[in-house]
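Structure assessment
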Amino acid sequence: MDYKSSGVDIEAGYQSVELMKEHVRKTMRPEVLGGIGGFSGAFSMEKFKGMEKPTLVSGTDGVGTKLKLAFLMDKHDTVGIDCVAMCVNDIACAGGEPLFFLDYIACGKNFPEKIAAIVKGVADGCLQAGAALIGGETAEMPGFYPEDEYDLAGFAVGVVDEKDLITGRDLKAGDVLIGMASSGVHSNGFSLVRKVFEMTAESLNTRYDELGTTLGEALLAPTKIYVKALKAVKEAGVTVRACSHITGGGFYENVPRMLREGTRAVIRKDSYEVPAIFRLLAERGNIEEKIMYNTYNMGIGMIVAVDPADADKTMGAIRAAGETPYVIGSIEEGEKGVTLC
């Protein structure tokens, strides 16, 4: 008996690494030390000596049950973008620049081409974020996962000068809330999605006129990465007073996280058009509006609060970075929380 007979194919692992190397190389930054395939990833901090108080910020997350759709559609080259996005958006939300990323893939059986496709998505996400993919792990776990399934998680580290941390401490009544459009459901609430829609290849391949695409393509659309947009706002000379990444928990959980005590966010629901995928989801699932806003991003993936005098400059910087901004509300004095009206 050998390891392969127990279900773990070491040779397939070697092949996966070789196939993914071309994608990983594209993400390299000058600060990365050493080659691909070492026991750890090394990253020089030399560049950050000019900061007054360089501060590390980190984020970790997975893709969740959205992966079930990737399995059904046999499409694995975009979920890596989701994994990166969920980590680096949190870092950018704090004012940080993502530096490097590591991924973890656990699978029932190592199919090298599939693993390489997953890592390609991770590398694509890293390129969008400007982060280096400096390490990762692929664990073949027969008997723990079905042969055709896997899990994907990641971890990112970024840096920010302490004085540039976005904490909400300077938030004021009258500040303007600017939201950035999402690409759809992103990577949250898929347990509910899978209850509403029949999870079969036939259902996911059904085209809906209101979506302009198939249901599966709309749901699998990768999460937006807002790193470049937030960087553009900073480079435009705008001070972001508070920021919220709209992920699991939707508006009701995430918006209050950007607020200081004594301030309240007031968001106008009619300030932008809610994407068709959310309207379809609510109709098919008979889901109350409040639950929708308490579960999904409803078309807004990132919110920044800025001085009213900086609103136009902020909108212009976001557009120049390729994202779509909306003025969606403002900050008022009051009990900490959010009002959707």
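Residues numbered from 1 in each chain as written. Predicted model: local features only at pLDDT ≥ 70, side-chain atom pairs only at ≥ 80, totals over all residues. Heavy atoms only, no water.

Here we look at the overall build of the chain
To keep things clear, this is the line we draw: Here a strand is any run of E in DSSP of at least two residues, a helix any run of H or I of at least four, and the numbering for each starts at the N terminus. For this measure, only C-alpha atoms enter the radius of gyration; the expected value for a globule follows 2.2 Å times N^0.38, where N is the number of residues. Partly exposed residues are those whose accessible area sits between 20% and 50% of the maximum for their type, while under 20% is buried and over 50% is exposed, using a 1.4 Å probe and protein chains only. Working rule for contacts: check all heavy atoms of both residues, and any pair within 4.5 Å makes them a contact. Only the protein chains shown count as cover for residues, with accessible areas throughout obtained via the Shrake-Rupley method and a probe of 1.4 Å. This count recognises Lys and Arg as positive and Asp and Glu as negative, with His and chain-terminal groups excluded. A charge is said to be at NZ when it belongs to Lys, at CZ for Arg, at CG for Asp and at CD for Glu.
Counting its secondary structure elements, the chain contains 12 helices and 14 strands. For the chain, whose C-alpha radius of gyration is 21 Å, the value lies close to the compact-globule estimate of 20 Å for 341 residues. Dimensions of the chain along its principal axes, counting C-alpha atoms only, are 70 × 55 × 30 Å. A total of 341 residues make up the chain; the buried ones form 52% of that total. Of all intrachain contacts in the chain linking residues separated by at least 6 positions in sequence, the fraction that spans at least 24 positions is 85%. When the accessible surface of the chain is totalled, it reaches about 15500 Å², and 50% of it is carbon and sulfur. Each charge class in the chain was averaged separately, 36 positive and 48 negative side chains, and the resulting centres sit 4 Å apart.

Things to note about the pattern of salt bridges
Heads up, the condition is: For this document, the term salt bridge refers to a Lys or Arg side-chain nitrogen within 4 Å of an Asp or Glu carboxyl oxygen.
Within the structure shown, the criterion is met by 17 salt bridges. In this structure, glutamate 46 and lysine 49 form a salt bridge, with 3.2 Å as the shortest nitrogen-oxygen distance. In this structure lysine 49 comes out as exposed when scored by relative accessible area, which is 61%. Lysine 224 is the partner of glutamate 323 in a salt bridge, and the nearest nitrogen-oxygen pair spans 3.2 Å. With glutamate 323 in the loop between helix H12 (311-320) and strand S13 (325-333) and lysine 224 in the loop between helix H7 (215-220) and helix H8 (227-235), this residue pair connects regions lying 99 residues apart in the sequence.

So, the UniProt feature "domain: PurM-like N-terminal" (unreviewed entry) in the chain
Here is the rule: UniProt positions are given in the numbering used here, feature names are shortened, and annotations may be inferred rather than shown by experiment.
The sites that carry the UniProt feature "domain: PurM-like N-terminal" (unreviewed entry) are, in the present numbering, residues 55-160. Annotated as residues 55-160, this span is 38% helix and 37% strand, and its ends, taken at the C-alpha atoms, are 5 Å apart.

What about the side chain of histidine 23?
Relative to the helices and strands, histidine 23 is located in helix H1 (residues 10-25). Here histidine 23 falls in the buried class, since its relative accessible area comes to 11%. Once residues within four sequence positions are removed from consideration, histidine 23 is found in contact with Ala116, Lys120 and Ala123.

Section: the pairing of strand S10 (residues 242-245)
Put simply, the rule is: One requirement defines pairing of two strands: DSSP has to find at least two bridges between them.
Across the two faces of S10 the burial is the same, with Ala242 and Ser244 and Cys243 and His245 all buried. The sheet contact formed by S10 and strand S12 (residues 300-306) spans four bridges and is antiparallel. In the strand pairing of S12, alanine 242 is matched with alanine 305.

What about H12?
Put simply, the test is: Along the arc lie the directions from the helix axis toward the C-beta atoms.
Buried within H12 are the following residues: Ala311, Thr314, Met315, Ala317 and Ile318. Looking down the long axis of H12, one finds its buried residues gathered within 165° of arc, a one-sided arrangement. Away from its buried face by more than 90 degrees, H12 exposes Asp312 and Ala320. For H12, the secondary structure elements touched by its buried residues are strand S7 (176-181), H8, S12 and S13. Glycine 322 sits one or two residues past H12 and shows a positive phi near 95°.

Focus: the sheet that holds strand S11 (residues 263-267)
The following threshold applies: For helices, the axis comes from a line fit to the C-alpha atoms of the stretch in contact; other axes are also lines fit to C-alpha atoms, and the angle between any two N-to-C directions lies between 0 and 180 degrees.
Reading across from one edge, S10-S12-S7-S13-S11-S14 is the order of the six strands in this open sheet, with mixed pairing throughout. Across the chains shown, the open sheet's two edge strands, defined by having one partner strand only, are S10 and strand S14 (337-340). Ignoring which end each strand starts from, the neighbouring axes of this sheet average 25° apart. Set on the sheet, H12 makes contact with S7, S12 and S13; between it and S7 the angle comes to about 10°.

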